[in-house]
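Now for the letters of each chain:
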Amino acid sequence: MQKPARSKGTCYAETLTRVSAKYSTMRSVRQSYNSWSATYDLVENKTRDLEARACREILSGISFETVIELGCGTGKNTEWLAERAKHVTAIDLSEEMQAVARQKINAVNVSFKLADIKEPWNFAGENADLITCSLILEHIDNLDVVFEQAAERLNTGGHFYVCELHPFKQYAGTKARFETDAGLQVLECFTHNVSDYFHAARANEFSLVRLEEWFDDENQTTMPRLISFLFERSP
Ligand SMILES: C[S@@+](CC[C@H](N)C(=O)[O-])C[C@H]1O[C@@H](n2cnc3c(N)ncnc32)[C@H](O)[C@@H]1O
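What counts as what
- Residues numbered from 1 in each chain as written.
- Predicted model: local features only at pLDDT ≥ 70, side-chain atom pairs only at ≥ 80, totals over all residues.
- Pairing = 2+ DSSP bridges.
- Helix = DSSP H or I, 4+ residues; strand = E, 2+ residues; numbered from the N terminus.
- Buried ≥ 20, exposed ≤ 12 C-beta atoms within 10 Å, placed from the backbone.
- Arc of directions from axis to C-beta.
- Contact = placed C-beta atoms within 7 Å.
- Core = buried A, V, L, I, M, F, W, Y, C linked by C-beta atoms within 7 Å.
- Near = placed C-beta within 6 Å.
- Nonpolar A, V, L, I, M, F, W, Y, C, P; charged D, E, K, R; others polar.
- Axes fitted to C-alpha atoms, helices over the stretch in contact; angles between N-to-C directions.

(A) Quick look at the pairing of strand β6 (residues 177–180). Sheet analysis places β6 next to strand β7 (residues 183–186), joined by four bridges and oriented antiparallel. Considered in β7, the bridge of Glu179 is made with Leu184. Count of turn residues in the β6/β7 antiparallel hairpin: two residues.

Below you can see the structure in the form of structure tokens.
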């Protein structure tokens, strides 16, 4: 790397510090979603919209009374879940994303809670018949932490729905990203292979009920955008 030009009266270390500050744009996932919250619902986002369809199609086929929604974001799926459940606990790390959801959703059977799902799940609430995880696991390095706690918080026979960016897309370099006035912001993401989901599920005694791949315009000759899993907590 070329050294930054040394200006009069500025030592090299100071210049280097300023240069690194300018280029170290990697913000935390929480900070990034706080910034993204203002536009998340407003700009075109094929991944967001296709997941809404997947969620409704897969979960229409099962019944549930209590739900824990991990990474509720701006509430894209929260209201739909609340219309079908007795109670939804909607979890997110980003207070700004969740603030958008709180503004949109007045349902009395939704409790919003701020929590990081990589930490112990201390958020109050009963166990659930259904735990959902839409477009969040790409930000989680260790899937086992999530699958283990999901198994503990699910009632026997309960379901764990996971829908994420397809690993094929991840291999091709796609990551969660959004435009800002300062340019494109790319979030910290981790690649998960199909077998990673399967192994995390099996290690925590889930059985796989349904696996689907989701394509833009339902065109199965293209690379799938999303992959969804419906797991069941074994008795
Ligand atoms: C791409 S958005 C998806 C939001 C919503 N599920 C949807 O499908 O539109 C990912 C969400 O996960 C949240 N998130 C990311 N990492 C998290 C973590 N460790 N704990 C809790 N929420 C997290 C983000 O704040 C963001 O709201």
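(B) Quick peek at helix α8 (residues 194–203). Three or more residues of α8 are buried, namely Tyr197, Ala200 and Ala201. Relative to the axis of α8, the buried residues are bounded by an arc of 100° and lie together on one face. In this fold, the buried residues of α8 make contact with α6 (143–153), β5 (154–165), β8 (206–214) and β9 (226–233).

(C) Representation of the nonpolar core. Counting residues in hydrophobic clusters, the biggest one holds 50 residues, and the most contacted among them are Val67, Ile131, Phe160, Tyr161 and Val162. Considering every element that reaches this core, the biggest residue donor is β5, with six residues. Residues contacting Tyr161, with those up to four places away along its chain left out, are Ile58, Leu59, Leu130, Thr132, Cys133 and Leu230.

(D) Structural view of the site of the ligand. If you check the shell around the ligand, you find 21 residues, and the closest are Tyr33, Gly71, Gly73, Leu93 and Ser94. Those elements that provide at least two residues to the shell around the ligand are α2 (29–36), α3 (46–59) and β2 (87–92). Class assignment of the residues belonging to the shell around the ligand gives a composition of ten nonpolar, five polar and six charged.

(E) Broad picture of the environment of Ser234. Topologically, Ser234 is positioned in the segment after β9. In contact with Ser234, not counting residues within four places along its chain, are Glu205, Phe206 and Ser207.

(F) A look at the sheet that holds strand β4 (residues 128–134). Ordered in space as β3-β2-β1-β4-β5-β9-β8, the seven strands form an open sheet in which the pairing is mixed. With one partner strand each, in any of the chains shown, β3 (110–114) and β8 form the two edges of the open sheet. Each strand of the sheet is rotated relative to its neighbour by a mean of 15°, with strand direction disregarded. Note that β4 and β5 share six bridges and pair parallel. Among the inter-strand pairings, Ala128 is bridged to a residue of β5, identified as Leu154.

Read these as layout, nothing more, since geometry by itself doesn't imply function.
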